[in-house]
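Residue-level structural notes
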Amino acid sequence: MALLISGLEIVVSHPRFYWGETGNSGTATLFKIPIPSSRSTVPTGYGYVLPDQNGWSRYLHFQAAWAVVLTGLAYVVWGLWTGHFRSNLVPAQADRKWSAVVDVMMSHLRFKRPGADEEFSYNVLQRTAYLVVVFVLFPLVIWTGLALSPGFNSALPATVNLLGGRQSARTLHFFVTIALVLFLLVHVAMVALSGFRSRMRGMITGSVPTQEERP
Amino acid sequence: MSKISRRAFVTTGFAAAGVAGLAAGAGLAKRYGLIPPDGGGIWGPGETLTYATQRLITTHSMAREFPRSMISEKPFANELAPLGNEFERHKSAGFADWRLAVDGMVAQPASLSLVDLKKFRASSQITEVVCEEGWSYVAEWIGAPLSEVLKTCGASPQARYVVYYSIQPDWWESIDMADALHPQTILAYGMNDGDLPVGFGGPLRLRVPRQLGYKSVKFITRLTVTDSLKSFGKGLGSASPEAGYAWYAGI
């Protein structure tokens, strides 16, 4: 949340996106977000300028990024070490076919309540989504973020060159963020629908109440 | 029950290791001068991690340079506050009397004119100016390497920072010696084969291409070499942290 809010504050100082290496208020955009800016130099079409919140937003963004990277690394090392990814996230052998995916989709579309077996295990769609978040979206958001650092660029120029330039990296950083926000929204909605209290208890304590314990 | 106590054991272990690691890391960072001047306060941990990590991985790294064909046709001159009477006087005199004072921990303090600066080896680079707001442009910059000016003035080996001042009131910055002695850090007087225009910091701008644009201060009039930033302003390293922005802008 800290990264999202501070990231949006930073976007407000220049709500224009470009493709390629360079881009500024004098060049063509890929797209613009139709909001006022916190800088008077940005032509937004609005007659006013928002207060500048970039200083603390940037401090917070980078400190929170360190927290995410360090806990993320710990999580991935733990997941590989304990086999959590292999046993709980990689779809089971029997589920690695389209019919299994379609089955899960159809039961969702029919608004069927998840069966008892899903109390303890993730279905094939959940597993795929979690794997994409852990191994695609998070690495991408970190990579595209690092590609925006002039110091890091000087040490590893390929990190930004491979993305097609600095402004492309910034635009991709924004898109991957949107993908992560969409995941979060769906994830929270599904948790709420499948019984908020028992799911939260499961997440925090790591155990799921059995049928007999339920009120 | 056994499950919970194992979890508690592991968690406590990790927390203890984390605290010990942080304390050891902070000690090491302090010993090797890897704590930025604005490294106190709530943003200290993040800033110190960034600065220390980058100082370790960017020791010999060079900012990306671009082919001539990538020079931006429309570089963006950021908004400027009114520059004041003194600047206007210099401007109407063609900057003939513009001086760069070099003082602090140097054997020979100096007052250099633009002509003096042009006697140093001219270094040129095609690099990108990157603003913290998100925009950027590529231009060619021509100037005297700061390292050679410091060498000529006999900067002390004990020096740790170079503080630099703009003619704009209360506008000053500082960089550590890693950036001050870096071959791409130049006192730029030329841009894209012409004199550096006023809108881009002319007649003299310090280019620090491994950091964000706000470290490349415009209208430079003075350099002070020092081993500590404590007595400058509020002791946070530059005017940026006093205005809420990070001192180290290599992110």
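Everything here concerns the structure above.
Below is a short write-up of the structure. (Residues numbered from 1 in each chain as written. Chains lettered and ligands numbered in written order. Predicted model: local features only at pLDDT ≥ 70, side-chain atom pairs only at ≥ 80, totals over all residues.)

1. Quick word on the overall build of chain A
The secondary structure content of chain A amounts to nine helices and two strands. Each helix (α) and strand (β) of chain A, taken in turn from the N terminus, gives the series α-β-β-α-α-α-α-α-α-α-α. Judged by the C-alpha coordinates and their principal axes, chain A covers about 65 × 40 × 35 Å. Sorting the 215 residues of chain A into buried and exposed places 26% on the buried side. The contacts of chain A with a sequence gap of at least 6 include a subset with a gap of at least 24, amounting to 55%. (Helix = DSSP H or I, 4+ residues; strand = E, 2+ residues; numbered from the N terminus. Buried ≥ 20, exposed ≤ 12 C-beta atoms within 10 Å, placed from the backbone. Contact = placed C-beta atoms within 7 Å.)

2. A word on the overall build of chain B
The helix and strand inventory of chain B stands at seven helices and 10 strands. The dimensions of chain B, computed from C-alpha atoms along their principal axes, are 85 × 45 × 35 Å. In chain B, which comprises 251 residues, the share counted as buried stands at 44%. Contacts spanning at least 24 positions in sequence make up 66% of the contacts within chain B whose residues lie at least 6 apart.

3. A few points about the nonpolar core
Core analysis: the biggest nonpolar cluster contains 64 residues, and Val162, Tyr164, Leu187, Ala188, Tyr189, Leu204 and Ile220 of chain B have the highest contact counts within it. If you look at the next biggest cluster of nonpolar residues, it comprises 11 residues, including Val141, Phe152, Ala169 and Leu172 of chain A. (Core = buried A, V, L, I, M, F, W, Y, C linked by C-beta atoms within 7 Å.)

4. As for the interface of chain B and chain A
On the chain A side, the residues contacting the 36 residues of chain B number 30 residues. Contributions of two or more residues to the side of chain B that touches chain A are made by α2 (44–57), β3 (123–130) and β4 (136–145) of chain B. Ranked by residues supplied to the side of chain B that touches chain A, first place goes to α2 of chain B with six residues. Taken together, the residues of the side of chain B that touches chain A sort by class into 17 nonpolar, 12 polar and seven charged. (Nonpolar A, V, L, I, M, F, W, Y, C, P; charged D, E, K, R; others polar.)

5. Focus: unusual backbone geometry
All names here are of chain B. Each neighbour pair has its own omega, and for Gly202 with Pro203 the value is 15°, a cis peptide bond. Structurally, Pro203 is set in the loop between β8 (194–195) and β9 (205–207). One non-glycine residue, Asp193, lies in the positive phi region at around 70°. Looking at the secondary structure, you find Asp193 in the loop between β7 (186–191) and β8. Despite not being glycine, Phe219 shows a phi value in the positive range, around 55°. Its location among the elements puts Phe219 in the loop between β9 and β10 (220–226).

6. Things to note about the pairing of β4 of chain B
All names here are of chain B. Counting buried positions along β4 yields eight of 10 residues, so the element is predominantly enclosed. When β3 meets β4, the two strands line up antiparallel, connected through eight bridges. Counted as the bridge partner of Gln125 is Trp141 from β4. Adjacent in sequence and paired antiparallel, β3 and β4 are bridged by five residues, among which Gly134 carries a positive phi angle near 130°. Of the strand pairs in this sheet, β4 and β7 are connected by five bridges, and their pairing is antiparallel. From the neighbouring strand, Pro145 faces β7, where its bridge partner is Ile186. (Pairing = 2+ DSSP bridges.)

7. Re the packing of helix α2 (residues 54–82) of chain A against α2 of chain B
When two helices pack together, their arrangement is captured by the angle between the axes and the distance separating the axes. Relative to each other, α2 of chain A and α2 of chain B sit at 75°, their axes nearing to 8 Å. The orientation of α2 of chain A with respect to α2 of chain B, classified from their angle, is roughly perpendicular. Where α2 of chain A abuts α2 of chain B, its residues Tyr59, Phe62, Gln63 and Trp66 of chain A lie against Pro45, Gly46, Leu49 and Thr50 of chain B. When the residues that make up the contact of α2 of chain A with α2 of chain B are grouped by side-chain class, the tally is five nonpolar, three polar and no charged. (Axes fitted to C-alpha atoms, helices over the stretch in contact; angles between N-to-C directions. Parallel < 35°, antiparallel > 145°, perpendicular 65-115°, else oblique.)

8. Let's talk about the sheet that holds β10 of chain B
Residues and elements named next belong to chain B. Here we have five strands laid out as an open sheet, ordered β2-β1-β10-β5-β6, and mixed in their pairing. Each edge of the open sheet is held by one strand with a lone partner, namely β2 (110–112) and β6 (172–176). Ignoring strand direction, the axes of neighbouring strands in this sheet form an average angle of 20°. The pairing of strand β5 (residues 161–166) with β6 spans five bridges and is antiparallel. Looking across to β6, one finds that Tyr164 is bridged to Glu173.

9. A short note on the packing of helix α1 (residues 2–12) of chain A against α2 of chain A
All names here are of chain A. Closest axis-to-axis distance for the α1/α2 pair is 8 Å, and the angle between their directions is 145°. Crossing of α1 over α2 shows left-handed handedness. In this structure, α1 uses Ala2, Leu3, Ser6, Gly7, Glu9 and Ile10 to contact α2, whose residues at the interface are Asn54, Ser57, Arg58, Leu60, His61, Ala64, Ala65 and Val68. When its residues are assigned to classes, the contact of α1 with α2 shows seven nonpolar, five polar and two charged. (Left-handed = near helix turned anticlockwise from the far one by under 90°.)

That is the geometry; function is a separate question.
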